[in-house]
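For reference, the chains in residue letters:
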Amino acid sequence: MKILVLNGPNINFLGVREPEIYGSATYNDLIQMVTDHAVTRGVKIEFYQSNHEGDLVDAIQKAYYDKIDGIVFNPAAYTHTSVAILDAIKAVKIPTVEVHISKVDEREDFRQISYIRQIAIKTITGKGFLGYCDGIDAIIDYLKDCK
Ligand code: DQA
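Here is a short report on the structure shown in this document.

Rules used throughout
Residues numbered from 1 in each chain as written. Predicted model: local features only at pLDDT ≥ 70, side-chain atom pairs only at ≥ 80, totals over all residues. Heavy atoms only, no water. Near = heavy atom within 4 Å. Polar contact = N/O pair within 3.5 Å; in protein donor to acceptor, adjacent residues only side chain to side chain. Areas by Shrake-Rupley, 256 points an atom, 1.4 Å probe, with all protein chains shown as cover. 1 Å grid on protein atoms, 1.4 Å probe; cavity = no way out; pocket = protein on both sides within 12 Å on 5 of 7 lines; lining within 4 Å. Sits in = over half its atoms within 2 Å of the grid points. Nonpolar A, V, L, I, M, F, W, Y, C, P; charged D, E, K, R; others polar. Helix = DSSP H or I, 4+ residues; strand = E, 2+ residues; numbered from the N terminus. Buried < 20%, exposed > 50% of the residue type's maximum accessible area, 1.4 Å probe, protein only. Contact = heavy atoms within 4.5 Å. Pairing = 2+ DSSP bridges. Axes fitted to C-alpha atoms, helices over the stretch in contact; angles between N-to-C directions. Arc of directions from axis to C-beta. Right-handed = clockwise from strand over helix to strand, strands pointing away.

**Some words on the site of the ligand**
Taken together, the residues surrounding the ligand are R17, Y22, N74, A76, A77, H80, H100, I101, S102, V104 and R111. The side chain of N74 places a nitrogen or oxygen atom 2.8 Å from an oxygen atom of the ligand. In the model, an oxygen atom of the ligand is placed 2.7 Å from a nitrogen or oxygen of the H80 side chain. In isolation the ligand offers 320 Å² of accessible surface; the protein chains occlude 98% of this area. Its atoms largely coinciding with the cavity grid, the ligand occupies the largest pocket. In terms of residue class, the shell around the ligand is built from five nonpolar, four polar and two charged.

**Here we look at the environment of E46**
By the secondary structure assignment, E46 is in strand β2 (residues 44–49). For E46, a relative accessible area of 32% translates into the label partly exposed. Distance in space between the C-alpha atoms of E46 and D134 is 16 Å, their sequence separation being 88 residues. Not counting the four nearest positions on each side in its chain, E46 is found in contact with K2, I3, L4, V5 and I68.

**Looking at the sheet that holds β2**
Strand order in this open sheet of five strands is β2-β1-β3-β4-β5, and the pairing throughout is parallel. Single-partner strands in this sheet number two, and they are β2 and β5 (122–125). Here the average twist between neighbouring strands, direction ignored, is 20 degrees. The pairing of strand β4 (residues 96–100) with β5 spans four bridges and is classified as parallel. Bridge pairing in β5 links V99 to I124. Seen against the sheet, helix α2 (residues 27–41) touches β1 (2–7) and β2 and runs at an angle of roughly 160 degrees to β2.

**Brief notes about the side chain of H100**
On the secondary structure map, H100 appears in strand β4. Judged by relative accessible area, H100 falls into the buried class, the value being 4%. Separated by 2.7 Å, the side chains of H100 and E98 make a polar contact. If sequence neighbours within four positions are ignored, H100 has contacts with N74, P75, T79, I124, T125, G126 and K127.

**Quick word on helix α4 (residues 83–92)**
Listing the buried residues of α4 in full gives I85, L86, A88, I89 and V92. One face of α4 carries all of its buried residues, which in axial projection span an arc of 160 degrees. Where α4 is buried, its residues contact α3 (53–65), β3 (70–74) and β4. Structurally, the start of α4 carries an N-cap: the backbone nitrogen of A84 is 3.5 Å from a side-chain oxygen of S82.

**Considering the pairing of β4**
The buried fraction of β4 amounts to five of the five residues, a majority that puts the element mostly inside the structure. Burial along β4 is two-sided: the face carrying T96, E98 and H100 and the face carrying V97 and V99 are both buried. Crossover β3 to β4 through α4 is right-handed.

Any functional reading would require information beyond the geometric quantities listed.
Shown next as C-alpha coordinates:
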(Lines give C-alpha, C1' and ligand atoms only; values in the text may rest on other atoms or scores of the structure.)
Protein backbone atom coordinates (compact mmCIF):
# COMPACT_ATOMS: atom_id res chain seq x y z
CA MET A 1 0.00 0.00 0.00
CA LYS A 2 1.35 3.42 -1.02
CA ILE A 3 0.18 6.59 0.71
CA LEU A 4 0.97 10.15 -0.34
CA VAL A 5 1.21 12.76 2.43
CA LEU A 6 0.45 16.01 0.69
CA ASN A 7 0.81 19.45 2.26
CA GLY A 8 -0.19 22.86 0.99
CA PRO A 9 1.13 26.40 1.47
CA ASN A 10 3.21 27.42 4.48
CA ILE A 11 3.37 23.91 5.94
CA ASN A 12 7.09 24.00 5.08
CA PHE A 13 7.24 26.91 7.55
CA LEU A 14 6.10 24.86 10.54
CA GLY A 15 8.20 25.78 13.55
CA VAL A 16 8.43 29.38 12.31
CA ARG A 17 4.82 30.22 11.54
CA GLU A 18 2.49 31.08 14.43
CA PRO A 19 3.95 28.59 16.94
CA GLU A 20 1.11 29.40 19.35
CA ILE A 21 -1.23 27.75 16.83
CA TYR A 22 0.92 25.21 15.01
CA GLY A 23 3.58 24.41 17.65
CA SER A 24 7.36 24.64 17.46
CA ALA A 25 8.11 21.38 15.63
CA THR A 26 9.26 21.70 12.01
CA TYR A 27 8.17 20.19 8.69
CA ASN A 28 11.15 17.83 8.93
CA ASP A 29 9.93 16.75 12.37
CA LEU A 30 6.53 16.05 10.81
CA ILE A 31 8.15 13.93 8.06
CA GLN A 32 10.11 11.98 10.68
CA MET A 33 7.08 11.30 12.86
CA VAL A 34 4.83 10.25 9.99
CA THR A 35 7.57 8.09 8.44
CA ASP A 36 8.04 6.27 11.76
CA HIS A 37 4.31 5.68 11.96
CA ALA A 38 4.14 4.41 8.37
CA VAL A 39 6.95 1.94 9.14
CA THR A 40 5.04 0.55 12.14
CA ARG A 41 1.95 0.19 9.94
CA GLY A 42 3.91 -1.42 7.09
CA VAL A 43 2.87 1.07 4.41
CA LYS A 44 4.99 2.91 1.85
CA ILE A 45 4.88 6.65 2.17
CA GLU A 46 5.71 9.62 -0.05
CA PHE A 47 5.74 13.30 0.87
CA TYR A 48 5.10 16.37 -1.21
CA GLN A 49 4.63 19.98 -0.15
CA SER A 50 3.97 23.01 -2.31
CA ASN A 51 3.00 26.61 -1.86
CA HIS A 52 1.32 26.63 -5.30
CA GLU A 53 -2.21 25.50 -6.12
CA GLY A 54 -1.38 24.14 -9.59
CA ASP A 55 1.55 22.13 -8.23
CA LEU A 56 -0.83 20.46 -5.78
CA VAL A 57 -3.22 19.63 -8.64
CA ASP A 58 -0.26 18.17 -10.58
CA ALA A 59 0.75 16.10 -7.54
CA ILE A 60 -2.79 14.71 -7.24
CA GLN A 61 -2.80 13.79 -10.96
CA LYS A 62 0.66 12.20 -10.61
CA ALA A 63 -0.69 10.14 -7.69
CA TYR A 64 -3.15 8.62 -10.17
CA TYR A 65 -0.39 7.53 -12.57
CA ASP A 66 1.79 6.34 -9.68
CA LYS A 67 -1.09 4.17 -8.42
CA ILE A 68 -1.12 5.79 -4.99
CA ASP A 69 -3.72 4.04 -2.78
CA GLY A 70 -4.57 6.94 -0.48
CA ILE A 71 -3.76 10.57 0.21
CA VAL A 72 -3.37 12.22 3.61
CA PHE A 73 -3.85 15.85 2.69
CA ASN A 74 -3.49 19.13 4.51
CA PRO A 75 -4.42 21.62 1.79
CA ALA A 76 -3.75 24.45 4.28
CA ALA A 77 -5.19 27.78 3.07
CA TYR A 78 -6.36 26.19 -0.21
CA THR A 79 -8.83 24.19 1.87
CA HIS A 80 -10.96 27.29 2.05
CA THR A 81 -10.69 28.44 -1.57
CA SER A 82 -9.76 25.76 -4.09
CA VAL A 83 -12.31 24.27 -6.46
CA ALA A 84 -9.37 23.12 -8.63
CA ILE A 85 -8.02 20.91 -5.84
CA LEU A 86 -11.49 19.54 -5.08
CA ASP A 87 -11.94 18.70 -8.77
CA ALA A 88 -8.54 16.98 -8.92
CA ILE A 89 -9.40 14.69 -6.00
CA LYS A 90 -12.79 13.98 -7.58
CA ALA A 91 -11.06 13.16 -10.87
CA VAL A 92 -8.53 10.67 -9.53
CA LYS A 93 -10.96 9.05 -7.07
CA ILE A 94 -8.13 8.28 -4.61
CA PRO A 95 -9.43 8.00 -1.03
CA THR A 96 -8.31 11.18 0.71
CA VAL A 97 -8.25 12.13 4.38
CA GLU A 98 -8.33 15.87 5.11
CA VAL A 99 -6.03 16.83 7.98
CA HIS A 100 -5.61 20.13 9.81
CA ILE A 101 -3.08 20.63 12.57
CA SER A 102 -5.11 23.33 14.29
CA LYS A 103 -8.71 23.38 15.49
CA VAL A 104 -10.02 25.06 12.33
CA ASP A 105 -13.61 24.73 13.59
CA GLU A 106 -12.80 27.13 16.42
CA ARG A 107 -10.99 29.72 14.30
CA GLU A 108 -12.06 32.52 11.93
CA ASP A 109 -15.29 32.32 9.92
CA PHE A 110 -13.43 32.04 6.61
CA ARG A 111 -11.81 28.82 7.85
CA GLN A 112 -15.23 27.21 8.35
CA ILE A 113 -15.56 26.60 4.62
CA SER A 114 -13.79 23.52 3.31
CA TYR A 115 -14.05 22.63 -0.35
CA ILE A 116 -12.23 19.38 0.35
CA ARG A 117 -14.46 18.06 3.13
CA GLN A 118 -17.24 16.95 0.74
CA ILE A 119 -14.92 14.51 -1.02
CA ALA A 120 -12.76 13.47 1.96
CA ILE A 121 -13.40 10.03 3.49
CA LYS A 122 -12.61 11.66 6.84
CA THR A 123 -11.61 15.05 8.24
CA ILE A 124 -9.25 15.29 11.21
CA THR A 125 -8.68 18.63 12.94
CA GLY A 126 -6.88 19.90 16.01
CA LYS A 127 -4.76 16.86 16.76
CA GLY A 128 -1.43 18.40 15.75
CA PHE A 129 0.94 16.13 13.83
CA LEU A 130 -0.84 13.07 15.24
CA GLY A 131 -3.68 13.88 12.86
CA TYR A 132 -1.47 12.75 9.95
CA CYS A 133 -0.81 9.39 11.67
CA ASP A 134 -4.53 9.00 12.28
CA GLY A 135 -5.05 9.85 8.62
CA ILE A 136 -2.78 6.96 7.58
CA ASP A 137 -4.71 4.63 9.91
CA ALA A 138 -8.01 5.85 8.45
CA ILE A 139 -6.86 5.06 4.91
CA ILE A 140 -5.65 1.59 5.92
CA ASP A 141 -9.02 0.88 7.61
CA TYR A 142 -10.98 2.27 4.67
CA LEU A 143 -9.11 0.15 2.11
CA LYS A 144 -9.44 -2.95 4.31
CA ASP A 145 -13.21 -2.40 4.49
CA CYS A 146 -13.37 -2.00 0.69
CA LYS A 147 -11.97 -5.50 0.07
C1 DQA B 1 -4.33 24.50 8.47
C2 DQA B 1 -5.52 25.44 8.77
C3 DQA B 1 -5.71 26.41 7.60
O4 DQA B 1 -6.81 27.25 7.88
C5 DQA B 1 -4.47 27.25 7.42
O6 DQA B 1 -4.63 28.11 6.31
C7 DQA B 1 -3.23 26.46 7.32
C8 DQA B 1 -3.07 25.27 8.15
C9 DQA B 1 -4.02 23.57 9.67
O10 DQA B 1 -3.26 22.63 9.47
O11 DQA B 1 -4.50 23.79 10.78
O12 DQA B 1 -2.29 26.83 6.63
O13 DQA B 1 -4.68 23.68 7.39
